[in-house]
Amino acid sequence: MQGHIRERGKDVWEVSYELSFDPKTGRRRRRSFTVHGSRKEAQRALTAALHQRDTGFEILPGRMNISQFLQRWLSGYAEINVAASTLARYRVAVNKHLIPHMGNLQLTAVRPVHIQQLQSVCLKEGLSPRTVVQHHRIIAEALKHAVRWQLIPSNPAAAISPPRFEARDMQFLSQAQLHELLTAAQGSFLRTLIYLAVHTGARSGELLAIRWSDVDLHTGRLSIVRTAQRIPGEGIVFSSPKTHRSRRPVTLSAEAVGLLREHRAMQNTHRLAMGPAFEDHDLVFCQPTGRPYEPGQ
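Rules and cut-offs
- Residues numbered from 1 in each chain as written.
- Predicted model: local features only at pLDDT ≥ 70, side-chain atom pairs only at ≥ 80, totals over all residues.
- Heavy atoms only, no water.
- Phe/Tyr/Trp six-rings, centres within 6.5 Å; stacked < 30°, edge-to-face > 60°.
- Helix = DSSP H or I, 4+ residues; strand = E, 2+ residues; numbered from the N terminus.
- Buried < 20%, exposed > 50% of the residue type's maximum accessible area, 1.4 Å probe, protein only.
- Axes fitted to C-alpha atoms, helices over the stretch in contact; angles between N-to-C directions.
- Parallel < 35°, antiparallel > 145°, perpendicular 65-115°, else oblique.
- Contact = heavy atoms within 4.5 Å.
- Pairing = 2+ DSSP bridges.

Remarks on the packing of aromatic side chains
Okay, so step 1: Under the counting rule described, the total for this entry stands at 4 aromatic pairs.
Okay, so step 2: With 6.3 Å between their ring centres and 70° between their planes, F69 and W149 make a pair best called edge-to-face. Taken together, the positions of F69 in helix α2 (residues 66-81) and W149 in the loop between α5 (129-148) and α6 (175-184) put the pair 80 residues apart, joining distant regions of the chain. Across the pair, exposure class does not vary: F69 and W149 are buried alike.
Okay, so step 3: The interplanar angle of 15° and the centroid separation of 6.1 Å between the aromatic rings of W73 and Y77 together place this pair among those described as stacked. Pair noted here: W73 and Y77 are both in helix α2, with a separation of 4 residues, about one helical turn.
Okay, so step 4: Within the aromatic cluster, the residues linked to one another by ring pairs are W73, Y77 and Y90.

A closer look at the packing of helix α3 (residues 84-102) against α5
Okay, so step 1: Viewed as axis vectors pointing N to C, α3 and α5 meet at an angle of 100°, and their least axial separation amounts to 10 Å. With respect to each other, α3 and α5 are oriented roughly perpendicular. When α3 is examined against α5, the residues R89, Y90, A93, V94, H97 and L98 are found in contact with a partner set consisting of Q134, H135, I138 and I139.

Focus: the sheet that holds strand β4 (residues 215-216)
Consider a sheet: its strands pair through backbone hydrogen bonds, and that pairing is either parallel or antiparallel.
Okay, so step 1: Spatial strand order, β4-β5-β8: 3 strands in an open sheet with antiparallel pairing. Strands at the two margins of the open sheet, each flanked by one partner only, are β4 and β8 (248-251).
Okay, so step 2: Where strand β5 (residues 221-224) lies against β8, 4 bridges are found, and the strand directions are antiparallel. By the bridge assignment for β8, I224 is matched with R248.

What follows is the structure, encoded as structure tokens:
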């Protein structure tokens, strides 16, 4: 049996699935829990529970500490449901800060005071309030699933407010600075990249992920369908943008089309000169070797 989802009320779902046989009774055990939210969220919770069951993680909350729970949450939920970059950020926070500071606590013994203490210690160690807020969101999200899986009755992180921080004001170039930047880029291999960044508003990761197959120079259209990110331990990864709205067409100006035509001709000349040494990934913007640029550089 792969599990069952039954509606119990408005945005309330009972999720149930089978476990292994009880060695004492010889009967197959069952586990059920309640999910508050959409059916899609209930299905995600069931998928995570089945993954934990099938990988040998039959959760016994009374014997599980925070370290064990967070690792199982990462493998049973996060690996399945979040983007690679988000998963990498979760792992850094879990392994470098959450587990070292509270990993030995029993899951069922965690109280709001422990979450507050975690924040205080991290701030005293020099982490920025913004980073501590991110850590708070991660532990709160993880413990929310512990509640959904009926491992704990309530989420202790929900009772604690994260520290406040002042968001930095966005800095924009003036028209004169933009003109100076584009003038300085004349003759550079990066001129077209800079021009598109200025005139389309696309993020750097989106621009570095554009393939020639995403560009239609005849109609003057560019499709943003993926982004480039560096994931620790995996290198540069191309993935879909975070939201559906981020996947979008962009109308190119006549000047942008002309620059892209020049850029492609220059790239083709360079490719022929390098011969087999050129790594062809169909990227519009790449290193002289054809390899992707490092996002963020």
